[in-house]
Amino acid sequence: IASDQKVLDALGAAKALFDIEGDAPPDILARLSKAAGGHIRANGYRYRKKINLELARIRRVRDLQWRGVTLVGTAIAAALISTFNYL
């Protein structure tokens, strides 16, 4: 998104209009909507695909972390049980 100059210009204009009082001029709002909205409509599938891939990676890392915690907990429990059985 940040590599498209039209989107960056639209975001810059939106930042300039952020603190105004009252309603923003409709022609500027239309231009902002057209630039950013057009970019999202044109590239939305690609962005959604990358987001879904990143979410899958996050879930996988979280699952591996949980498995690691479970393994360590099981090892500690097994060590304690074997120690107390020996005594």
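Right, let's walk through the structure included here. (Residues numbered from 1 in each chain as written. Predicted model: local features only at pLDDT ≥ 70, side-chain atom pairs only at ≥ 80, totals over all residues. Heavy atoms only, no water.)

Let's talk about the overall build of the protein chain
Inference 1: When helices and strands are counted, the protein chain shows two helices and zero strands.
Inference 2: For 87 residues, the compact-globule estimate of 2.2 N^0.38 gives 12 Å, and the protein chain exceeds it by more than 25% at 26 Å.
Inference 3: C-alpha extents for the protein chain along the principal axes are approximately 85 × 30 × 15 Å.
Inference 4: Residues counted as buried form 10% of the 87 residues belonging to the protein chain. (Helix = DSSP H or I, 4+ residues; strand = E, 2+ residues; numbered from the N terminus. Rg over C-alpha atoms; globule rule 2.2 N^0.38 Å. Buried < 20%, exposed > 50% of the residue type's maximum accessible area, 1.4 Å probe, protein only.)

Notes on the packing of helix α1 (residues 5-16) against helix α2 (residues 26-86)
Inference 1: At their nearest, the axes of α1 and α2 sit 9 Å apart, and the two run at 140° to each other. Classified by the angle between their axes, α1 and α2 sit oblique to one another. Crossing handedness for the pair α1 and α2: left-handed. Along its contact with α1, which presents Lys6, Val7, Ala10, Ala13 and Ala14, the element α2 presents Arg31, Leu32, Ala35, Ala36 and His39.
Inference 2: When grouped by side-chain class, the residues that make up the contact of α1 with α2 number seven nonpolar, one polar and two charged. (Axes fitted to C-alpha atoms, helices over the stretch in contact; angles between N-to-C directions. Parallel < 35°, antiparallel > 145°, perpendicular 65-115°, else oblique. Left-handed = near helix turned anticlockwise from the far one by under 90°. Contact = heavy atoms within 4.5 Å. Nonpolar A, V, L, I, M, F, W, Y, C, P; charged D, E, K, R; others polar.)

Comments concerning the nonpolar core
Inference 1: Ranked by size, the top nonpolar core spans five residues in total: Ala10, Ala13, Leu17, Leu32 and Ala35.
Inference 2: Of all the secondary structure elements, the ones that give two or more residues to this core are α1 and α2.
Inference 3: Once residues lying within four places of it in the same chain are set aside, the contact partners of Leu17 are Ala24, Ile28 and Leu32. (Core = buried A, V, L, I, M, F, W, Y, C linked by side-chain atoms within 4.5 Å.)

A short note on the pattern of salt bridges
Side-chain pairs of opposite charge can arise where the charged atoms are in close proximity.
Inference 1: Counted according to the given criterion, the structure contains two salt bridges.
Inference 2: In this structure, Arg57 engages Glu54 in a salt bridge whose closest nitrogen and oxygen atoms are separated by 3.5 Å. Placement of the pair is Arg57 and Glu54 together in helix α2, with a separation of three residues, close to one helical turn.
Inference 3: Note on Arg57: relative accessible area 47%, which makes it partly exposed.
Inference 4: Glu54 sits in the partly exposed class, given a relative accessible area of 40%.
Inference 5: Asp63 is paired through a salt bridge with Arg67; the nearest N and O atoms lie 3.4 Å apart. Of this pair, Asp63 and Arg67 both sit in helix α2, four residues apart, which is roughly one turn of the helix.
Inference 6: Look at Asp63 and you get partly exposed, because its relative accessible area is 33%. (Salt bridge = Lys/Arg side-chain N within 4 Å of Asp/Glu carboxyl O.)

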